[in-house]
Amino acid sequence: MGAGARLGVGHYGGVTQVVQNGSALRSFDRLVELVGDGGVVILSGAGLSTESGIPDYRGETGRTRKAEPMTYQTFVGSAAARRRYWARSHVGWRHIAHATSNAGHRAVAALQARGLVTGIITQNVDGLHQAAGASQVVELHGSLHRVRCLACGERTPRERLHQRLSTANPGWDDGVTGTINPDGDAVLAADRIDSFTIVDCAACGGVLKPDVIFFGENVPRPRVADCFELTESAGLLLVLGSSLTVMSGYRFVRRAVEHAVPVAIINQGPTRGDADARVRLDAPLGPTLTTLLDALAR
């Protein structure tokens, strides 16, 4: 479908949904057929969580921001960078922790419960697939809900660290707000960052890092191998809310094509994988996936 069939508000079989033109209708019908055959592996990106209020880097909510993400090399090489990260993340965590799953997440969980989805690979670190009831989710880039010690490797809940940081910085975040970035931190003034006290691992005194893959850091090979195995055995690779700009996600589209696994993409805006997709819909995720569920139920 190249650039994709754009969907607007319309009507489909008596169900109010997002089909508007003939091309989009044919694409949607084809998507219903492919998903109905089962064996679907989901590859989700940040666009799936924007309806939960979590911005993305490259989609509609990301185009007005200029913030650069923290790299692994910067984080491990600079105490000042770690202070900046944890100060900003301490504020942003409240936003992530209170985010709730949206209709798109719930639809994916429902498709899995019906036995149509056999695997979920997410590039997101927000835990919203699991909050919606999905299980056996491969978190390709880790999760902000965990913290890892770089010295002893112990993993602990993020909420525990949040409490320790609050104790170490009494009153520091009273009234503090900031623009929330896609990776869960907030934009703060330099003087506010300089007054923040960070804490180390409670077990060994080592450096703490969120249990996520930073830019410049490699996804563990066993995790990638598991995702390749899921992709190769799929009946359909369904990409949801990802521009596929980064090879970390796009490689699974390439692997699907190599193994003759059909690819379908639902995303607002163009993606790197458009030329590889048998079905391409330019549409909001929540309404489209909800309508897909209704169509499959009929």
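The rules behind each value
Residues numbered from 1 in each chain as written. Predicted model: local features only at pLDDT ≥ 70, side-chain atom pairs only at ≥ 80, totals over all residues. Heavy atoms only, no water. Helix = DSSP H or I, 4+ residues; strand = E, 2+ residues; numbered from the N terminus. Expected span 1.5 Å × (residues − 1). Buried < 20%, exposed > 50% of the residue type's maximum accessible area, 1.4 Å probe, protein only. Contact = heavy atoms within 4.5 Å. pLDDT = per-residue confidence, 0-100. Core = buried A, V, L, I, M, F, W, Y, C linked by side-chain atoms within 4.5 Å.

**Focus on helix α9 (residues 247–258)**
In an α-helix, one turn spans 3.6 residues; hence positions three or four apart end up facing the same way.
Here's step 1: Its 12 residues give α9 an end-to-end C-alpha distance of 16 Å, which sits within 8% of 16 Å, the value for a rise of 1.5 Å per residue.
Here's step 2: Buried residues of α9: Ser248, Gly249, Tyr250, Phe252, Val253 and Ala256, and no others.
Here's step 3: In this fold, the buried residues of α9 make contact with β4 (40–44), α8 (221–232), β10 (236–240) and β11 (263–266).
Here's step 4: Taken from the residues just after α9, alanine 260 is the one with a positive phi, measuring 60°.

**Some details on the confidence of the model for the chain**
Here's step 1: Averaged over the chain, the pLDDT score is 89; the fraction of residues at 70 or greater is 87%.
Here's step 2: Across residues 8–19, confidence stays below pLDDT 50; counting only partners more than four residues off in sequence or on other chains, it has 35 contacts.
Here's step 3: Counted against residues more than four places away or in other chains, residues 60–66, with its pLDDT under 50, gives 14 contacts.

**Remarks on the nonpolar core**
Soluble globular proteins tend to bury their nonpolar side chains together.
Here's step 1: If you look at the biggest cluster of nonpolar residues, it comprises 31 residues, and the most contacted ones within it are Leu31, Val35, Leu238, Ile266 and Leu289.
Here's step 2: At the level of secondary structure, the elements contributing two or more residues to this core comprise α1 (22–36), β4, α4 (103–113), β5 (117–122), β10, β11, β12 (279–282) and α10 (285–297).
Here's step 3: Excluding its chain neighbours within four sequence positions, the residues that come into contact with leucine 238 are Leu31, Val35, Val40, Val41, Ile42, Leu43, Ala264 and Ile266.
Here's step 4: Formed by 30 residues, the second largest nonpolar core is a distinct cluster that contains Ile54, Met70, Phe75 and Leu144.

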